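Residue-level structural notes
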Amino acid sequence: MDLAAQASLDMTQIDFDRYARVALCHQPTPIEPMVRLGELLGGPNLFIKRDDCTGLATGGNKTRKLEFLVGEALSQNADMLVTQGAVQSNHVRQTAAAACRVGLKCHALLERRVPHRGGDYEQTGNVFLDRIFRATLEFRPSGLDMNAEGEAVTERLRAKGHRPYFIPGGGSNATGALGYASCAQEILLQCKSLEVSFQWLVMATGSTGTQAGLVAGFHALTRNLPVMGISVRQPRKRQVVAVHDLTRKTLEKLKAPTIPVSKIVVDDGYVGEGYGIPAESTLEAIALTAQYEGILLDPVYSGKGMAGLIGLIRQGFFKPSDNVLFLHTGGSSALFAYENAIMTDQA
Ligand SMILES: *Cc1c(COP(=O)(O)O)cnc(C)c1O
């Protein structure tokens, strides 16, 4: 037996197939070194987990959550998925594609959350893809409680005789977060087979399911791989409370011991003016990752996440000997809706 197989036997594993689940993802997604970007920045050894390659309709992190959410929808005999997001939501695009894959309808509420976007913002990028999947779309002004709106629409559809299943924004509840608890296990198994260990995992955090799922997964598997969430939207304190809340619920679902709030790490230094508005540092991160690694990030999430990684390296946060894993959560379809912002501001 080779070392990797021996080591993987040593790790207690969670059987995620005990939860209702449908296969939507290419997994495991690769972990690759980022040699040129690492040399440019002169910091720790950089690696990237390619969850932009989950495979469904240009990929992204929501597909892992949807394996469990759609599994639950089918187990409840739903005939329709209902969800909500910002206009350029990657989550809505992946939900619309997942619905097509399993033969469900999809209805989505799109919040006009981002101010002052150009005319094609509501036509191109993810919205265009939503339409290819024949999702039915309703727009909303910004500032509403969008999950409450979504639940009200779900009830309206139920009253009309549909069998809707409501998925909260970003797929971020304990069911969806199982997708990232399962990803935590996948990363630990890859560490064994690649014979590498990571000192930090860095990622963009928004609706919290990705970070909460990862933290819950590592904790349930009793592995301490610290996760640094780079906020794309909220101040640090609010994001920490929100991530912790969902981490606890996910641990309950996993029947694992709970976790103190001190284990939730968030940096809010890369939000810029707000959700969906790329900062200078976002544009720099997109440019450097494209030019040094040939990898596309996005202007709303992974560009801010990478800006966080770059900023932390420049601050000397990591040791030169550290191995740091960046989770690429996808989103490049939204680049097309931001062409003007990216091409005019880019150095
Ligand atoms: C939704 C999303 C995130 C954030 O994940 P959450 O689970 O909502 O925190 C990060 N990157 C991309 C590309 C996304 O679409």
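Preceding block: the structure.
Quick look at the structure, then. Computed from a predicted model, the values in this text were never measured in an experiment. (Residues numbered from 1 in each chain as written. Predicted model: local features only at pLDDT ≥ 70, side-chain atom pairs only at ≥ 80, totals over all residues. Heavy atoms only, no water.)

Structural notes on helix 3 (residues 62-75)
With 14 residues, helix 3 ought to run about 20 Å at 1.5 Å a step, and its terminal C-alpha atoms sit 19 Å apart, in line with that. Most of helix 3 sits inside the fold, with 11 of its 14 residues counted as buried. Taken as a whole, helix 3 has its buried residues at Lys62, Thr63, Arg64, Lys65, Leu66, Glu67, Phe68, Leu69, Val70, Gly71 and Ala73. The inward-facing, buried residues of helix 3 abut strand 2 (45-50), strand 3 (80-86), helix 4 (90-102), strand 6 (164-167), helix 7 (174-194) and helix 8 (209-220). (Helix = DSSP H or I, 4+ residues; strand = E, 2+ residues; numbered from the N terminus. Expected span 1.5 Å × (residues − 1). Buried < 20%, exposed > 50% of the residue type's maximum accessible area, 1.4 Å probe, protein only. Contact = heavy atoms within 4.5 Å.)

A look at the site of the ligand
In the neighbourhood of the ligand, 16 residues make up the surrounding shell, with Lys62, Lys65, Ser207, Thr210 and Thr329 lying closest. In this structure, asparagine 61 approaches the ligand through a side-chain N or O atom, which is 3.1 Å from an oxygen atom. One nitrogen or oxygen atom from the side chain of threonine 329 is found 2.6 Å from a nitrogen atom belonging to the ligand. Against a free-state accessible area of 380 Å², the protein chains account for coverage of 98% of the ligand. Among the detected pockets, the ligand sits in the largest pocket. Counted by class, the shell around the ligand contains 1 nonpolar, 12 polar and 3 charged residues. (Near = heavy atom within 4 Å. Polar contact = N/O pair within 3.5 Å; in protein donor to acceptor, adjacent residues only side chain to side chain. Areas by Shrake-Rupley, 256 points an atom, 1.4 Å probe, with all protein chains shown as cover. 1 Å grid on protein atoms, 1.4 Å probe; cavity = no way out; pocket = protein on both sides within 12 Å on 5 of 7 lines; lining within 4 Å. Sits in = over half its atoms within 2 Å of the grid points. Nonpolar A, V, L, I, M, F, W, Y, C, P; charged D, E, K, R; others polar.)

Observations regarding the nonpolar core
Leu46, Val202, Met306, Leu309, Phe318 and Phe326 are the most contacted members of the largest nonpolar core, which has 43 residues in total. Contributing elements (two or more residues each) for this core: helix 2 (35-41), strand 2, strand 4 (105-112), strand 7 (200-205), strand 8 (227-231), helix 10 (280-293), helix 11 (302-314) and strand 10 (323-328). Ranked by residues supplied to this core, first place goes to helix 11 with 6 residues. Both domains that meet at this core, namely domain 1 (3-60 + 173-346) and domain 2 (62-171), each give it at least three residues. Sequence-distant contacts of phenylalanine 318, that is, excluding residues within four places in its chain, are made with Pro44, Trp200, Val202, Leu309, Leu312, Ile313 and Val324. Judged by nonpolar contacts, the second largest core, of 40 residues, contains Tyr19, Leu178, Leu254 and Ala256. (Core = buried A, V, L, I, M, F, W, Y, C linked by side-chain atoms within 4.5 Å. Domains from an automatic or database assignment.)

Some thoughts on the packing of helix 3 against helix 4
The geometry of helix 3 relative to helix 4 is characterised by a closest axis approach of 10 Å and an angle of 45° between their N-to-C directions. As summarised for this structure, helix 3 and helix 4 are arranged oblique, according to the angle between their axes. The crossing of helix 3 and helix 4 is right-handed. For the pair formed by helix 3 and helix 4, the contact residues are Lys62, Thr63, Leu66, Val70 and Leu74 on the first element and Asn90, His91, Gln94, Thr95, Ala98 and Val102 on the second. Class assignment of the residues belonging to the contact of helix 3 with helix 4 gives a composition of 5 nonpolar, 5 polar and 1 charged. (Axes fitted to C-alpha atoms, helices over the stretch in contact; angles between N-to-C directions. Parallel < 35°, antiparallel > 145°, perpendicular 65-115°, else oblique. Left-handed = near helix turned anticlockwise from the far one by under 90°.)

Some remarks on the pattern of salt bridges
Inspection of the entire model under this criterion finds 15 salt bridges. Among the salt bridges present, the one from arginine 158 reaches glutamate 155, with a minimum N-O distance of 3.3 Å. Of the two residues, arginine 158 and glutamate 155 both sit in helix 6 (residues 146-159), 3 residues apart, roughly one turn of that helix. A salt bridge links lysine 249 to aspartate 245, with the nearest nitrogen and oxygen atoms 3.1 Å apart. Here lysine 249 pairs with aspartate 245, and both are found in helix 9 (residues 236-253), just 4 residues apart, close to one helical turn. What makes lysine 249 partly exposed here is its relative accessible area of 41%. The structure contains a network of salt bridges with shared partners spanning Lys49, Asp51, Arg64 and Glu186. (Salt bridge = Lys/Arg side-chain N within 4 Å of Asp/Glu carboxyl O.)

Some remarks on the layout of surface pockets
Roughly 890 Å³ of internal volume is contained in the largest pocket. Around the largest pocket sit 49 residues that line it, and Gly169, Gly206, Ser207, Thr208 and Arg233 are the ones nearest its centre. Counting residues per element, the ones that place at least two in the lining of the largest pocket are helix 3, strand 3, helix 4, helix 6, strand 7, helix 8 and helix 9. Counted by class, the lining of the largest pocket contains 12 nonpolar, 26 polar and 11 charged residues. Taken together, domain 1 (3-60 + 173-346) and domain 2 (62-171) each give at least three residues to the lining of the largest pocket, which thus spans both. (Points joined across faces, edges and corners; volume = space filled by probe spheres on them.)

Remarks on the pairing of strand 2
The buried fraction of strand 2 amounts to 5 of the 6 residues, a majority that puts the element mostly inside the structure. Across 3 bridges, strand 1 (residues 31-33) lies against strand 2 in antiparallel orientation. Paired with glutamate 32 across the strands is isoleucine 48, a residue of strand 2. Here strand 2 pairs with strand 10 via 6 bridges, running parallel. Following the sheet pairing, lysine 49 is matched in strand 10 by leucine 327. (Pairing = 2+ DSSP bridges.)

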